[in-house]
Each structure stands twice: as C-alpha cells, then as structure tokens.
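Here is what each chain is made of, one letter per residue.
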Amino acid sequence: MTSAPTLARTRAELDLALRPVPRAVVMTMGALHDGHLSLVREARSRGEQVVVTIFVNPLQFAPAEDLDRYPRDLAGDLERLTGPGLLGAGDVVFAPERSEVYPDGDPVVRVAAGAIGDVYEGAVRPGHLDGVLTVVLKLMHLTRPAFALFGRKDVQQLVAVARMVRDLDVDLTVVPVPTVRDADGLALSSRNAYLTAEQRPVALGLSRALAAGERAAAGGAGPAAVRALTREVLVAAGVDPDYVALVDPETFGDVPEDTAPQTGSVAVLAVAGRVGDTRLIDNTDVRWA
Ligand code: PAF
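Thresholds, definitions, all that
Residues numbered from 1 in each chain as written. Predicted model: local features only at pLDDT ≥ 70, side-chain atom pairs only at ≥ 80, totals over all residues. Heavy atoms only, no water. Helix = DSSP H or I, 4+ residues; strand = E, 2+ residues; numbered from the N terminus. Rg over C-alpha atoms; globule rule 2.2 N^0.38 Å. Buried < 20%, exposed > 50% of the residue type's maximum accessible area, 1.4 Å probe, protein only. Contact = heavy atoms within 4.5 Å. Salt bridge = Lys/Arg side-chain N within 4 Å of Asp/Glu carboxyl O. Pairing = 2+ DSSP bridges. Axes fitted to C-alpha atoms, helices over the stretch in contact; angles between N-to-C directions. Parallel < 35°, antiparallel > 145°, perpendicular 65-115°, else oblique. Left-handed = near helix turned anticlockwise from the far one by under 90°. Nonpolar A, V, L, I, M, F, W, Y, C, P; charged D, E, K, R; others polar. Core = buried A, V, L, I, M, F, W, Y, C linked by side-chain atoms within 4.5 Å. Near = heavy atom within 4 Å. Polar contact = N/O pair within 3.5 Å; in protein donor to acceptor, adjacent residues only side chain to side chain. Areas by Shrake-Rupley, 256 points an atom, 1.4 Å probe, with all protein chains shown as cover.

Novice: Tell me what's going on with the overall build of the chain, and back it up with residues and numbers.
Specialist: Secondary structure assignment for the chain yields nine helices and nine strands. A compact globule built from 289 residues would reach a C-alpha radius of gyration of about 19 Å, and the chain, at 19 Å, matches this within 12%. The C-alpha extent of the chain, read off along each of the three principal axes, is 60 × 45 × 35 Å. Burial statistics for the chain: of 289 residues in total, 52% are counted as buried. In the chain, the proportion of contacts linking residues at least 24 apart, taken out of those at least 6 apart, comes to 74%.

Here you go:
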C-alpha cells in the first residue's frame, strides 16, 4: 500500500477519497512553505483524515493583481506535503482546475464579507475578502470537514472566515494557527519569493514595526501613539505602508484613537506595505499592561 495521499483533481475524485471519519481541511493556493506545513501538522492532530486544497482562486484577485504570476508548483507541493506528521495514505490533496470549482463560470451569487470586507485589506483590495469567503464556503461544502485551519498571518481573512461560519451556521470549527517566521522575524509568505536579496532586509521592517507597537502598548502608550510609532518604524525601514490597523480581534473594528484601553485588553496590530513591487502583510496581538 502506498503512503502517498490521494490526489483528487475533480469533485468526483474528491468524493471517492473522502472517508466517513472526522476530517480537518487546510485551504491553500499552493506554493507551500513551512507556514502551510504547520497548518497541516495541526490538522493532522485534529482530524483522522486531512484534506489539503490547492487552488489559486481567481475571484480574490483584482485584474491588476498577480493572478498570472502567482507561483504554481503542484509537483513540489505534493512532495512537501508527504512525510512524518504531514499527509499519508488515506489523506487527500484536492487540486481542482478553475472549471471544476466554478463549473458555471464565475459565480453570480457570492458571500459578502460585510463591514469586515470594507476596511484595510478590503479597502486596498476591494472585493478580495468576498472572493475569499466565496471559495472558502464552497471548499467547506465540497470537503465537509469537522475542522478548518487558518493561519493567523492573514488575520483579517481569519476573522472574516470565523464570522462567516458563525453567521451562516456552517457546521465546523475554525482553528487559528500561529504565524511561522524565519529566524530573522520575517513572516513566511509565498510572496517572499518575489523579494530580491536587497529587498529582504527592508521587508523585516514589518515585523520590527509590529514589535515596536507591541512594546509601546505594553509600556502604556495609547492607540494613537501605538499606530504612529508602528508607521514610523515601517517608513524608516523603507516599507511603503498601505495601512497600520489597530483593531478589535473579533470585529476588526478600529480601537478608538482617544480612549485609554483597559489593562489586560488585547487588540490586533496589523500592517501592510510594499517593498518594491511586492505587497506584504503581517500582524501581532498587542496587550495593554
Ligand atoms: O489564504 C489563502 O491562501 C487563500 O485566501 C484561501 C483561504 C486558500 C482561499 O483561496
């Protein structure tokens, strides 16, 4: 018996491969790195069967974005997914074509992320989170998992997915998984592959800015000062900031600028910015001491 997971390219192949056991799903767009593998390890500890989906979802890319140049390497991804603690016999990689996911063309009816989809990532990338939620809900229906694992790195996506699952009574548990970082602090991302050797130290500005914001909040700085300092560090590093968000972890609503947060309260500090042509995001929890 082979120890490789089943590769399903169609809905019919996926259906055949699903077993009647508690399942955990990890949804990806491929170009897998250690961050994805930590999601798969967590899935392995939750589900008797693990399904990894690999699909570069056109709905979540704007026309000028990197859909065409988004890295694709199915053979490499399959190799990376197989091994101790990862996928084996009885697990599934679902890697459908666009026409398999959207057999009637782009969907007419879509999921709307509402207020969460209008701010920050949603403001910079209008419609992006609607496209994400639409494919995530479809993949939830197709894979029928008990657990769906999402990285904290895409925190606004995680908040939107968790809210969709609550609001639309999707019968599964969303499991958040911590961000994986390189030794120098850079959050792992498929887009890091676009960075040149000169751009990489600049990209470290994101994690440094977050650390500065975290320290400021722990030292008692208010929301306005945390935002300002975070932006200052980003700019000083050479990152061209898209936004600095200090938001409620459940709603993604802004922490009010002028009220002092209570001791022990937690917010998400999220940043996005450009390093050359590459757009990077990162975030951390900040806690007021
Ligand atoms: O985070 C991603 O890679 C994508 O947004 C997802 C969740 C796989 C949906 O296409």
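Novice: Would you mind going over the environment of Thr10 in detail, with residue names and values included?
Specialist: Examined against the element boundaries, Thr10 turns out to sit in the loop between strand E1 (6-8) and helix H1 (11-17). Along the sequence, Thr10 and Ala95 sit 85 residues apart, while their C-alpha atoms lie 7.8 Å from each other. For Thr10, the contacting residues outside a window of four places in its chain are Phe94 and Glu100.

Novice: Describe the pattern of salt bridges, listing the residues and the values that go with them.
Specialist: This structure, assessed with the given rule, holds 16 salt bridges. The closest approach of N and O atoms between Asp15 and Arg144, which form a salt bridge, is 3.4 Å. Within this pair, whereas Asp15 is found in helix H1, its partner Arg144 is found in the loop between helix H6 (128-143) and strand E5 (147-151), the two being separated by 129 residues in sequence. Across the salt bridge formed by Asp242 and Arg279, the nearest N and O atoms sit 2.5 Å from each other. Residue Asp242 is found in strand E7 (residues 240-247), and its partner Arg279 is found in strand E9 (residues 278-287); the two are separated by 37 residues along the sequence. Relative accessible area serves as the criterion here: at 27%, Asp242 is assigned to the partly exposed category. Look at Arg279 and you get buried, because its relative accessible area is 14%. Salt bridges here are not isolated pairs; linked through shared partners, they connect Glu121, Asp242, Arg274 and Arg279.

Novice: Describe the sheet that holds E5, with residues and values.
Specialist: Strand order across the open sheet formed by six strands is E1-E4-E3-E2-E5-E6, with parallel pairing between neighbours. The sheet terminates laterally at E1 and strand E6 (173-177), the two strands that pair on one side only. Between one strand axis and the next, the sheet turns by 25° as a mean value, whatever way the strands run. Note: E1 against strand E4 (residues 92-94), three bridges, orientation parallel. Bridge assignment links Ala8 to a residue of E4, and that residue is Phe94. Across the sheet, helix H7 (residues 155-167) lies against E5 and E6, angled at about 165° from E6, the strand it touches most.

Novice: Outline the packing of H6 against H7, supporting the account with residue identities and numerical values.
Specialist: Two elements in contact, H6 and H7, have axes separated by 10 Å at closest approach and are oriented at 55°. Viewed along their axes, H6 and H7 adopt a mutual orientation that is oblique. Regarding H6 and H7, the two cross each other, and that crossing is right-handed. Contacts between H6 and H7 involve Leu129, Val132, Leu133, Val136, Leu137 and Met140 on the former and, on the latter, Gln156, Gln157, Ala160, Val161, Met164 and Val165. Partitioning the contact of H6 with H7 into residue classes produces ten nonpolar, two polar and no charged.

Novice: Tell me about the nonpolar core, and please be specific about residues and values.
Specialist: Judged by nonpolar contacts, the single largest core of 46 residues is most densely connected at Val136, Met140, Phe150 and Val161. For this core, the secondary-structure elements that each account for two or more residues are H1, strand E2 (23-28), E4, H6, E5, H7, E7 and strand E8 (266-275). The element best represented in this core is H6, accounting for nine residues. Setting aside chain neighbours within four positions, we find Val161 in contact with Leu133, Val136, Met140, Phe150 and Val174. In terms of nonpolar packing, the next biggest core, distinct from the first, is built from 23 residues, Leu210, Ala217, Val244 and Val286 among them.

Novice: Report on the site of the ligand, specifying residues and quantitative values.
Specialist: As a matter of local geometry, the ligand sits amid Met27, Thr28, Met29, Asn57, Gln60, Val132, Val135, Val136, Asp154 and Gln157. Side-chain polar atom of Gln60 to an oxygen atom of the ligand: 2.6 Å apart, as the coordinates give it. A distance of 2.7 Å separates an oxygen atom of the ligand from a polar atom in the side chain of Gln157. Protein contact buries 90% of the 290 Å² of open area that the ligand shows by itself. Of all the elements in the fold, those that place two or more residues in the shell around the ligand are E2 and H6. If you tally residues by element for the shell around the ligand, the top one is H6, at three residues. Classifying every residue of the shell around the ligand gives five nonpolar, four polar and one charged.

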